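Chain residues, written in single-letter form:
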Amino acid sequence: MRDTSENFDTKKILQSPQPSATRGHENFKFVQAKIEKRVDESPSVRSFYLNAPLPSDPKPGQFLMVWLPNSEEVPMSVSGHEGGITRISVAKVGPTTEKIHKLNPGDFLWVRGPFGSWFKLDANFYLLVAGGYGSAPLVYAAKALSRSGKKGVYAIGAKNKSELLFLDEARDCGFEVFISTEDGSSGRKGVVTDMLDDLFSKFKFDSILTCGPEKMMFKVIKEGFNRGIYSQASLERYMKCGFGICGSCVLDPLGLRVCVEGPVFDSITLLKTEFGSWRRSPSGRREKI
Ligand SMILES: Cc1cc2nc3c(=O)[nH]c(=O)nc-3n(C[C@H](O)[C@H](O)[C@H](O)COP(=O)(O)OP(=O)(O)OC[C@H]3O[C@@H](n4cnc5c(N)ncnc54)[C@H](O)[C@@H]3O)c2cc1C
Ligand code: FES
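1. Some points on the overall build of the protein
Helix and strand counts for the protein come out as seven helices and 17 strands. Expected size for 289 residues packed as a compact globule is a radius of gyration near 19 Å; at 18 Å, the protein falls within 12% of this value. If one aligns the C-alpha atoms of the protein with their principal axes, the spans along those axes are about 50 × 40 × 35 Å. Taking all 289 residues of the protein together, the buried fraction comes to 55%. Of the roughly 12,800 Å² that the protein leaves accessible, carbon and sulfur atoms contribute 50%. Each charge sign in the protein was given a centre, from 40 positive and 33 negative side chains, and these centres are 2 Å apart.

Written out as structure tokens, the structure is:
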């Protein structure tokens, strides 16, 4: 267990816990979602604009469980919500996401939610650190921040230039964009965490939001923690039920369920768990990350 709470005013943070959804039964019902629009964000990520009568407006960080007949039900972060239309941005990685990619405007899918906790957006100057499609909840957070006149930096890492996501949207929200690609085709060559030292010396951040591969997020929150900056990470764990009964997504030893108490957690909480080291496989076996 890594208790590193001496760097923070833990008492103050615990008095203001991560906001999370009122888990009324209406969130568990499937609603039919009509695809109004489809946008290719990159060769592997496609956004779908859904007209779905959700029981509440999704907040940045929350997710939907998305289902197609004869497929698995998969969790997807909300990447935007405006005028009653909810956007999800789906990376094609396997059978279900491949089927979703084939859907066209006018087609339907089924969704439950919105589920889980969301980002607290009460600081002033933010560092957003995204790895790949982890940018989905962050660009929605950037939009919400810009609406309340807040700004910051959007640092994104991807395999190559064509997989960089939401650059223009982040700029339109008033965020300065910093890029890294693994093959050096755009921005700095390397991974997004290679840019952290430079960013911390150039800017004074009040708060950090991150989403992407778990090892990446661990590095981000640890670096932030060492500098006394409050961070929140949106986690991705293998989900089965999506509403807290199967234990598939649990973060030990605190027993936090990513689908109920998460997916957004703060750094104080995460550093007391196995975050960044262990997770559960689809069969429930504990495995090293
Ligand atoms: C809270 C949360 C938010 C997410 N947001 C997004 C998003 O915005 N965009 C996006 O493209 N993807 C997102 N994902 C990941 C997405 O759910 C998986 O990529 C998807 O389930 C893959 O399904 P598949 O059948 O196409 O591929 P599979 O071949 O079944 O799996 C491919 C990969 O996805 C993982 N995966 C499969 N099923 C699940 C599941 N039920 N729960 C979690 N991971 C799974 C597998 O471990 C594997 O690494 C999110 C996951 C979580 C937990
Ligand atoms: S997915 Fe079942 S408890 Fe979280």
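Once you've had a look at it, read on.
2. Section: the environment of A142
Tracing the backbone through its elements, the reader meets A142 in helix α3 (residues 135–147). By relative accessible area, A142 is classed as buried at 0%. In the structure, A142 is positioned 12 residues away from Y154 in sequence and 8.4 Å away in space, judged by C-alpha atoms. Excluding its chain neighbours within four sequence positions, the residues that come into contact with A142 are L128, C173 and F175.

3. Structural notes on the sheet that holds strand β15 (residues 264–266)
Strands sit in the order β10-β9-β8-β7-β11-β12-β15 across an open sheet of seven strands; the sheet is mixed. With partners counted over all chains shown, the strands left at the sheet margins are β10 (188–189) and β15, one partner each. Of the pairings in the sheet, the one linking strand β12 (residues 230–234) to β15 comprises three bridges and is antiparallel in character. Within the sheet, the bridge partner assigned to S234 lies in β15 and is V264. Across the sheet, α3 touches β7 (125–131), β8 (151–158), β9 (175–181), β11 (207–211) and β12, and the angle it forms with β7 is around 160°. Lying on the sheet, helix α6 (residues 214–226) is in contact with β7, β11 and β12; it crosses β11 at an angle near 170°.

4. Some details on the site of ligand 1
Taken together, 19 residues lie near ligand 1, and P75, S89, A91, T97 and M239 sit nearest. Contact distances for ligand 1 include 2.7 Å between an oxygen atom and a backbone N or O atom of P75. T97 places a side-chain nitrogen or oxygen 2.5 Å from an oxygen atom of ligand 1. Within the complex, 81% of the 850 Å² of free accessible area of ligand 1 lies under protein. Going through the elements one at a time, β4 (73–82), β5 (85–91) and α2 (95–101) are the ones with two or more residues in the shell around ligand 1. Considering every element that reaches the shell around ligand 1, the biggest residue donor is β4, with four residues. Considering only residue class, the shell around ligand 1 consists of 12 nonpolar, five polar and two charged.

5. Re the nonpolar core
Residues L127, L199 and L235 are the most contacted members of the largest nonpolar core, which totals 37 residues. Contributions of two or more residues to this core are made by β3 (63–67), β7, β8, α5 (196–202), α6 and α7 (267–270). Looking at this core element by element, the count peaks at six residues for α6. Residues within four places of L235 in sequence aside, it is in contact with M217, L251, V258, P263, F265, L270 and F275. Grouped together as the second largest cluster of nonpolar side chains are 27 residues, A91, A142, A158 and F166 included.

The rules we used
- Residues numbered from 1 in each chain as written.
- Chains lettered and ligands numbered in written order.
- Predicted model: local features only at pLDDT ≥ 70, side-chain atom pairs only at ≥ 80, totals over all residues.
- Heavy atoms only, no water.
- Helix = DSSP H or I, 4+ residues; strand = E, 2+ residues; numbered from the N terminus.
- Rg over C-alpha atoms; globule rule 2.2 N^0.38 Å.
- Buried < 20%, exposed > 50% of the residue type's maximum accessible area, 1.4 Å probe, protein only.
- Areas by Shrake-Rupley, 256 points an atom, 1.4 Å probe, with all protein chains shown as cover.
- Lys, Arg positive; Asp, Glu negative; His and termini not counted.
- Charge placed at Lys NZ, Arg CZ, Asp CG, Glu CD.
- Contact = heavy atoms within 4.5 Å.
- Pairing = 2+ DSSP bridges.
- Axes fitted to C-alpha atoms, helices over the stretch in contact; angles between N-to-C directions.
- Near = heavy atom within 4 Å.
- Polar contact = N/O pair within 3.5 Å; in protein donor to acceptor, adjacent residues only side chain to side chain.
- Nonpolar A, V, L, I, M, F, W, Y, C, P; charged D, E, K, R; others polar.
- Core = buried A, V, L, I, M, F, W, Y, C linked by side-chain atoms within 4.5 Å.

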